[in-house]
Amino acid sequence: MPVIDLGAAGEDASSAITACDVCVVGTGPAGATLARELSGTALRVVVLESGGIERDPDVDQLNDVENVGRARAVDQWSVRNRILGGSSHTWGGRCAPFDAIDFSYRSWVPASGWPFSLDELVPYLERTTSHLGLAVGNGFQDDRFWDLAGRRPPTATPDPSKLLSFFWQFSRDPAESYPFEYTRFGRGLLERLGDHVTVVLHATVTGVDPVESGRAARGVRFTGPDGRTRSLAAETVVLAAGGIENARLLLASDTVTPDGLGNDHDLVGRYLMDHPRGTVGTFPVRGTGDLQKRLGRYNVHGHFFRAGFRLSPEVQQAEGLLNCSAWLGEQWATDDPWAAMRRVLGGRPRMPDDVVALTKNVGFLARGARDYFIERNGVPRKLAGLELVGMVEQRPDPASRVTLSDRRDRFGQRLPRIDWRIHDDEPHTMRRMAVLVADQLARMGFPAPDLADWVANGENFPSSFVDVAHPTGTTRMSTDPTQGVVDADGQVHGVAGLYVAGTSVFPTVGHCNPTQMIVAMAIRLADHLKAHAAADTAAVLRARKREGQPTTVLLTGATGRIGRVVLADLLERGYHVRATTSRTPGDSHTGGAELEWRTFDLLRATADDYDGLIDGCVAVLHLAAAIGNAERMPRVNAEATRHLAEAAERAGVDAFCYTSSVSVYGSGRGRVMSEDAPVLTVDHDVPSEYWALPYVRTYGRTKLAGELAIRTAAKRVRYVIFRPTVVVDIDDILRIRDWNPIKRVLTAHRHAHHVFVRDVSDALIWSMEGALAGRGEPGSVAVYNLSEDEYPEPTHADFLRRAFKASGDPRFRVARIPGVADWAHDFLRFRRLTLRNPLWRMRFPNDALRAAGYAPRHGLASAYEIALGKIAQADSAGSGASGDPSQE
């Protein structure tokens, strides 16, 4: 991935980028997510970042504002970061989706309501896990948390008509030495982006260039540290520079429309919201240990969650309240040993204070270790004070706004003029929240807080309540151009090709931190842009057809579990498919004029047969394989793959995709099998390399031999090799109920390693279309694990438990036994002791595939929900679960 730093000495390399398909402005959570999601596509993407890799005081000055409203944070670095990674440098890592009520129109909240419901965002929330380092993307923020955590729900709960339990999840960056450091979006970003993405540092965007009519974007203007203005032509421009800067850039883009772009109805910059947050009560530190645990941190799968409360929708509607949340705020003691340990592990110790803190609090550390490892809570902090903290959404108000000041920065650009306003609704809601929490805690048997004076006296917010770096709403979404700046996809009304991402598009601000919502919305926008690109690809296909050019894809193994789904997807996308089967196609193997069946025997075909098979094809998707027969597997999996690749080279096809298997890794000495991990010995069987039956070991070796045959043949064709984990469709998931009791008991604890067949098909076609568009060098061979191993509930037992809960069917009931019993069973089967890991203990991360730009479109969460729905439907009908997954 090219990187251009306009702040570096030497020749200006910006002349190398004069045009692109997509220009992304900003590298914070929204911009970085967009860049990663678009990376690996055929789109040429340029990302412009005002800062560099390190913080620069000259760049910080570009964040200066003129404030004419309520007092805001004076130090702009605490709330806005011009640096690679944006404001993730100073965020607190707290994540949660908005509530369903936040998306609804509320008669007591003017200008409320989103263009879509929370359900629309759920698939994208699930996909935020890899971007934010989360254990789970959704379903953790209410009482479903207890199932996720594997804990019994507490008996003492608030009145659900008043308060609801709420949980926030904290981001985790696994690359950091401190195990619970939050994700910083700039760290590792450059390494995660592909060849078609260029990042330009110290490139300050000063405006969007529209076409003469002002009804479409054609690029941006940006300035380097030398003050020289440069231009970048772009088919699509996405502003992802934050809630203040997005509005400023639209207002400053006044070369054609004097009031700025997207401002036909004087709405750009209006409806500025943030989150008033602060202390509403206090508790004594002593005597509140049970309360601290109940509303403290929880450790789930190595991720921290924090408990608190939110207002119920019922009380919001009944009393005309805004949405609001509350939690315990801890004031750490100066000698808190856990803070000292964090600094030591992070390589930033305060000497000798941290050594003193660690040695003086050995007993406190021991109790904390018990809480962490045994009770699976967060480590307790040594506290100097304990508060009840509230955070409330704001009423959308068009008078609360961002405009342009007469003051200018060093590039001659007008500063943002901020008029942030507070309304009576916000302090009233937070005061009511504090009273409800006090009442409900007492009802639950916990100490009630001493309410803050401003709460008890019915006063307005204290002056200490300033913004918390969540500027929202300044380019709000709406279906009606007279009510908002962008549409439901984030495109500016009336300006084609100009999009906005981040909190500025949110119509309401909710009660929780917005970063997970930012990332989910960015993923959604990336999918929208990729869909447009796919539509363009479809247009190219149609043009090729009109011009008589081939669009034929050869699909081997078209009647298999994966092949039948790929076949349907290819036909739906408009490709002509030459599909092979080893049998004579029957009536079920029909598909219209775009489907051409070929009966082809991979065991007996000659080189000429392969040439005839591939003739006229632009791509090959090679799925056909043999398993079980020791004689057939080498000939089909290895020799036939070699013949097919050699024929593809002779024919000069553009793309060749091959499905291998994670079985090529055998049983690893390590648990994590990335694409560069050791593989099996290919030329002969070494039983100790793989805890498996002989035919399974042969399958792994012959699939690996097929990979090696491709590498040998590769010269001009672009190849992609996928190593899928356990590919399942809905019926495959449901068949778990039919396992015999011994198998269910022994294997329930195993990692299922499931990957949804629809995602396998989607990934294959994504890789093919990328190669057809020129991604990768001719003769290149890319290898990817194809998995969803980060799924938060990965074991068979998890699904069985949910299925039993949904149906009561005893076939889904399973007893839990220690994993050692499974080890013993394997030893009895294979009569071998080995230090290697069986398949079920290993992990096959899909990091490389995600870095290339692909993320599962459907996901296991979707597959499991469909399966559970079938179970529930069958149960209500009084029969066993059944159904045709092809109809889903």
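Residues numbered from 1 in each chain as written. Predicted model: local features only at pLDDT ≥ 70, side-chain atom pairs only at ≥ 80, totals over all residues. Heavy atoms only, no water.

For the protein, an unreviewed UniProt entry supplies the name Choline dehydrogenase-like flavoprotein and the organism Blastococcus saxobsidens. Annotation of the protein in UniProt includes, under Sequence similarities (unreviewed entry), the sentence "Belongs to the GMC oxidoreductase family." UniProt lists a comment for the protein under the heading Cofactor (unreviewed entry), and it reads "FAD". (UniProt positions renumbered as here; feature names shortened; annotations may be inferred.)

Chemist: Would you mind going over the overall build of the protein with me for this structure?
Modeler: Secondary structure assignment for the protein yields 26 helices and 28 strands. Taken over the C-alpha trace, the protein has a radius of gyration of 29 Å; the compact-globule value for 888 residues is 29 Å, and the two agree within 12%. Each principal axis of the C-alpha atoms in the protein carries an extent, and together these give about 90 × 70 × 60 Å. Of all 888 residues assigned to the protein, the portion counted as buried reaches 58%. If you take every contact in the protein between residues at least 6 apart in sequence, the share linking residues at least 24 apart comes to 75%. The centroid of the 103 positive side-chain charges in the protein is displaced by 5 Å from the centroid of its 109 negative side-chain charges. (Helix = DSSP H or I, 4+ residues; strand = E, 2+ residues; numbered from the N terminus. Rg over C-alpha atoms; globule rule 2.2 N^0.38 Å. Buried < 20%, exposed > 50% of the residue type's maximum accessible area, 1.4 Å probe, protein only. Contact = heavy atoms within 4.5 Å. Lys, Arg positive; Asp, Glu negative; His and termini not counted. Charge placed at Lys NZ, Arg CZ, Asp CG, Glu CD.)

Chemist: So what exactly am I meant to see when it comes to the side chain of Arg184 here?
Modeler: By the secondary structure assignment, Arg184 is in the loop between strand 6 (163–170) and helix 6 (189–192). Assessed through its relative accessible area of 12%, Arg184 is described here as buried. Polar side-chain contacts of Arg184 include one of 3.1 Å to the side chain of Glu181. Setting aside its immediate chain neighbours within four residues, Arg184 contacts Ser88, His89, Thr90, Trp91 and Asp173. (Polar contact = N/O pair within 3.5 Å; in protein donor to acceptor, adjacent residues only side chain to side chain.)

Chemist: Teacher, can you tell me more about the domain arrangement of the protein here?
Modeler: Interface size is commonly expressed as the accessible surface area that is lost when the partners come together. As assigned here, the protein comprises domain 1 (3–94 + 104–121 + 177–273 + 470–534), domain 2 (334–376) and domain 3 (550–877). With centres defined by C-alpha atoms, the gap from domain 1 to domain 3 works out at 38 Å. In this complex, domain 1 contributes 10 residues to the contact, which on the side of domain 3 involves 9 residues. Contact between domain 1 and domain 3 buries roughly 660 Å² in total, counting both sides, with carbon and sulfur atoms accounting for 45%. Where domain 1 meets domain 3, there are 0 salt bridges. (Domains from an automatic or database assignment. Buried area = accessible area lost by both parts, 1.4 Å probe. Salt bridge = Lys/Arg side-chain N within 4 Å of Asp/Glu carboxyl O.)

Chemist: How should I be thinking about the sheet that holds strand 23 (residues 617–622) in this particular structure?
Modeler: Within a sheet, neighbouring strands are paired by backbone hydrogen bonds and run either parallel or antiparallel to one another. Across the sheet, which stays open at both edges, the 7 strands sit in the order 22-21-20-23-24-25-28 with parallel pairing between neighbours. Looking at the sheet topology across the chains shown, the edges are occupied by strand 22 (595–599) and strand 28 (781–786). For this sheet, the mean inter-axis angle between neighbouring strands, taken without regard to orientation, is 20°. Judged from the 5 bridges that link them, strand 24 (residues 655–659) and strand 25 (residues 718–724) form a sheet pairing that is parallel. By the bridge assignment, Cys657 is partnered in strand 25 with Val720. In the packing of helix 18 (residues 632–651) onto the sheet, the strands contacted are strand 20 (552–556), strand 23, strand 24 and strand 25, and the crossing angle to strand 24 comes to about 170°. (Pairing = 2+ DSSP bridges. Axes fitted to C-alpha atoms, helices over the stretch in contact; angles between N-to-C directions.)

Chemist: Before we go on, may I ask you to explain the packing of aromatic side chains in this structure?
Modeler: To describe a pair of aromatic rings, you give the distance between the ring centres and the angle between the ring planes. By the definition in use, this model includes 26 aromatic pairs. A ring pair is formed by Phe98 and Trp114, whose centres lie 6.1 Å apart and whose planes are at 85°; its orientation type is edge-to-face. A residue pair is termed long-range when its members are at least 10 positions apart, and Phe98 in the loop between strand 5 (94–95) and helix 3 (118–126) and Trp114 in the loop between strand 5 and helix 3 qualify at 16 residues. Given the relative accessible area of 1%, Phe98 is considered buried. Given a relative accessible area of 9%, Trp114 falls into the buried group. Centre to centre, the rings of Phe145 and Tyr298 are 5.5 Å apart; their planes meet at 70°, and the pair counts as edge-to-face. Of this pair, Phe145 sits in helix 5 (residues 145–149) while Tyr298 sits in strand 12 (residues 297–300), placing them 153 residues apart in sequence. (Phe/Tyr/Trp six-rings, centres within 6.5 Å; stacked < 30°, edge-to-face > 60°.)

Chemist: For this particular structure, what's the right way to read the UniProt feature "domain: Glucose-methanol-choline oxidoreductase C-terminal" (unreviewed entry) in the protein?
Modeler: Within this structure's numbering, the places UniProt gives as "domain: Glucose-methanol-choline oxidoreductase C-terminal" (unreviewed entry) are residues 396–522. Helix makes up 24% of residues 396–522 and strand 15%, whereas the separation of the span's terminal C-alpha atoms amounts to 23 Å.

Chemist: Help me out: how do you make sense of the packing of helix 10 (residues 337–345) against helix 11 (residues 353–360) in this one?
Modeler: A pair of packed helices is captured by two measures, namely the crossing angle of their axes and the spacing between those axes. For the pair helix 10 and helix 11, the least separation of the axes is 9 Å and the interaxial angle reads 130°. Classified by the angle their axes make, helix 10 and helix 11 are oblique. Both helix 10 and helix 11 take part in a crossing whose hand is left-handed. The residues of helix 11 that touch helix 10, namely those facing Pro337, Ala340, Met341, Arg343 and Val344, are Asp354, Ala357 and Leu358. Residue composition of the contact of helix 10 with helix 11, by class: 6 nonpolar, no polar and 2 charged. (Parallel < 35°, antiparallel > 145°, perpendicular 65-115°, else oblique. Left-handed = near helix turned anticlockwise from the far one by under 90°. Nonpolar A, V, L, I, M, F, W, Y, C, P; charged D, E, K, R; others polar.)

Chemist: Honestly, the packing of helix 17 (residues 607–614) against helix 18 in this entry has me stumped. Any pointers?
Modeler: The geometry of helix 17 relative to helix 18 is characterised by a closest axis approach of 9 Å and an angle of 55° between their N-to-C directions. Comparing their axes, helix 18 and helix 17 come out oblique. Seen along the crossing, helix 17 lies across helix 18 with a hand that is right-handed. Residues Ala607, Tyr610, Asp611, Leu613 and Ile614 of helix 17 form the contact with helix 18, whose participating residues are Ala640, His643, Leu644, Ala647, Ala648, Arg650 and Ala651.

Chemist: What is the right way to look at helix 7 (residues 245–252) in this model?
Modeler: For an α-helix, 3.6 residues make a turn, and residues three or four places apart therefore share a direction. The buried fraction of helix 7 is high, at 8 of 8 residues. Of the positions making up helix 7, those classed as buried are Glu245, Asn246, Ala247, Arg248, Leu249, Leu250, Leu251 and Ala252.

Chemist: Would you explain a nonpolar patch on the surface in this entry?
Modeler: Nonpolar side chains collect at one region of the surface, where Ile627, Leu693 and Tyr695 lie side by side and expose about 280 Å² of accessible area between them. Along the polypeptide, Leu693 turns up in the loop between strand 24 and helix 19 (694–713). When its relative accessible area of 36% is taken as the criterion, Leu693 is described as partly exposed. (Patch = residues over 30% accessible without salt bridge, like charges linked within 9 Å, V, L, I, M, F, W, Y side chains within 5 Å. Areas by Shrake-Rupley, 256 points an atom, 1.4 Å probe, with all protein chains shown as cover.)

Chemist: What's the story with the environment of Gly347 in this structure? I'm lost.
Modeler: Summarising the element assignment, Gly347 is placed in the loop between helix 10 and helix 11. Taking C-alpha positions, Gly347 is 51 Å from Val620, a pair spaced 273 residues apart along the chain.

Chemist: Even after reading the chapter, I still don't get the pattern of salt bridges, so can you show me in this structure?
Modeler: A side chain with one charge can pair with a side chain of the opposite charge if their charged atoms come near. By the definition in use, this model includes 49 salt bridges. A salt bridge links Asp99 to Arg310, with the nearest nitrogen and oxygen atoms 3.4 Å apart. Taken together, the positions of Asp99 in the loop between strand 5 and helix 3 and Arg310 in strand 13 (residues 303–311) put the pair 211 residues apart, joining distant regions of the chain. Accessibility assignment for this pair places Asp99 and Arg310 in one class, buried. Salt bridges here are not isolated pairs; linked through shared partners, they connect Arg80, Arg82, Glu245, Arg248 and Asp409.

Chemist: Looking at this structure, I do not really get the nonpolar core. What am I missing?
Modeler: Counting 141 residues, the largest nonpolar core has Leu48, Trp114, Val220, Phe305 and Leu498 as its most contacted members. Tallying contributions element by element places helix 15 (residues 515–546) first for this core, with 11 residues. Residue contacts for Leu48: discarding those within four places in its chain leaves Cys23, Val24, Val25, Gly26, Val200, Ala203, Val205, Val220, Phe222 and Leu232. Counting 54 residues, the second-largest nonpolar core is a separate cluster that includes Ile730, Ile765, Phe799 and Ala867. (Core = buried A, V, L, I, M, F, W, Y, C linked by side-chain atoms within 4.5 Å.)

Chemist: Where do I start with the sheet that holds strand 4 (residues 66–67) in this structure?
Modeler: Strands sit in the order 4-17-16 across an open sheet of 3 strands; the sheet is mixed. Since the sheet does not close on itself, it has two edges, and those belong to strand 4 and strand 16 (401–408), each with one partner. As paired elements, strand 16 and strand 17 (residues 414–419) share 5 bridges and run antiparallel to each other. From the neighbouring strand, Leu404 faces strand 17, where its bridge partner is Pro416.

Chemist: Even after reading the chapter, I still don't get helix 10, so can you show me in this structure?
Modeler: Taken together, the buried positions of helix 10 are occupied by Pro337, Trp338, Ala339, Ala340 and Arg343. Positive backbone phi, at 75°, marks Gly347, one or two positions downstream of helix 10.

Chemist: Explain the state of the cysteines to me, please; I cannot follow it from the model alone.
Modeler: A covalent bond between the sulfur atoms of two cysteines is referred to as a disulfide. Using the criterion set out here, one finds 0 disulfides in the structure. Its sulfur unpaired, Cys512 is 9.5 Å from the next cysteine sulfur, which belongs to Cys95. (Disulfide = S-S within 2.5 Å.)

Chemist: Mind showing me how you'd approach the environment of Leu621 here?
Modeler: Within the secondary structure layout, Leu621 lies in strand 23. In this structure, the C-alpha to C-alpha distance between Leu621 and Gly494, residues 127 residues apart in sequence, is 41 Å. Each residue touching Leu621, except ones within four places of it in the same chain, is listed here: Val553, Leu554, Leu555, Thr556, Val566, Leu570, Cys657, Leu764 and Met768.

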